[in-house]
Amino acid sequence: MKKLFIYYSYSGNGELVAQKMQEKGYDIRKVETIKKLPKSFFFAMMSGGFQAGVKMKAKLKEFNFDVSSYDEVVIGSPIWNGRFPPAINTVLTKVNFEGKELSFVFYSGSGEGKSALKRVNKEYPNSKVLFLKQPKDYPEELKKLD
Ligand SMILES: Cc1cc2nc3c(=O)[nH]c(=O)nc-3n(C[C@H](O)[C@H](O)[C@H](O)COP(=O)(O)O)c2cc1C
């Protein structure tokens, strides 16, 4: 079984998840965007929240979208405005998950992401979904990955 963890992290919570997934034997690929959010927290929330709300896709730094050699793929994503951030929207449109066991690990301030969950249930009905509350503040949440 070859296993891959693809993730995006804007403020570091996803890095803790990636570390744990690496310990569990997953290969790791980090998604990075070319553009960053504004430096001000307020404008970052406004801009990021808007982009997620309109299902915007982000231009990524060099990224290998080929997952053909893997049996299982897990996507790690923060929740923005209840939804997927643009970086993960790009991954979801460019990676061919056909025939793969696909699941999602979300990390968010509240430990929820209702619209993202709805979208996964609709578009990837066979996928498992796990929500973690802010692993940087609640490291015990990572035990859910055991
Ligand atoms: C633009 C933006 C929008 C966010 N929207 C939500 C939200 O709707 N619900 C929530 O619980 N957390 C929200 N958060 C918080 C992040 O989901 C949370 O801090 C997450 O752990 C970040 O992961 P990261 O540090 O790997 O980027 C938002 C953060 C940003 C930057």
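For the structure, check the block above.
The shown structure was predicted, so the numbers you read here are calculated from the model rather than taken from an experiment.

### What to know about the sheet that holds strand E3 (residues 72–78)
Strands sit in the order E2-E1-E3-E4-E5 across an open sheet of 5 strands; the sheet is parallel. Strand pairing shows two members of the sheet lacking a second neighbour, strand E2 (27–30) and strand E5 (128–133), which therefore form its edges. Pairs of neighbouring strands in the sheet enclose a mean axial angle of 20°, with direction left out of account. Of the pairings in the sheet, the one linking strand E4 (residues 101–108) to E5 comprises 6 bridges and is parallel in character. Its bridge partner lying in E5, serine 108 is registered against lysine 133. Here helix H3 (residues 86–94) sits on the sheet in contact with strand E1 (3–7), E3 and E4, set at roughly 155° to E3.

### Comments concerning helix H4 (residues 114–123)
Among all positions in H4, only Ala116, Arg119 and Val120 are buried. Down the axis of H4, the smallest arc covering the buried residues is 100°, so these residues share one side. Within H4, the exposed residues directed more than 90 degrees away from the buried face are Lys114, Lys118 and Lys122. Turning to H4, the residues buried within the fold contact H3, E4 and E5.

Cut-offs applied
- Residues numbered from 1 in each chain as written.
- Predicted model: local features only at pLDDT ≥ 70, side-chain atom pairs only at ≥ 80, totals over all residues.
- Heavy atoms only, no water.
- Pairing = 2+ DSSP bridges.
- Helix = DSSP H or I, 4+ residues; strand = E, 2+ residues; numbered from the N terminus.
- Axes fitted to C-alpha atoms, helices over the stretch in contact; angles between N-to-C directions.
- Contact = heavy atoms within 4.5 Å.
- Buried < 20%, exposed > 50% of the residue type's maximum accessible area, 1.4 Å probe, protein only.
- Arc of directions from axis to C-beta.

Interpretation note: all reported values are geometric properties and have no functional meaning in isolation.
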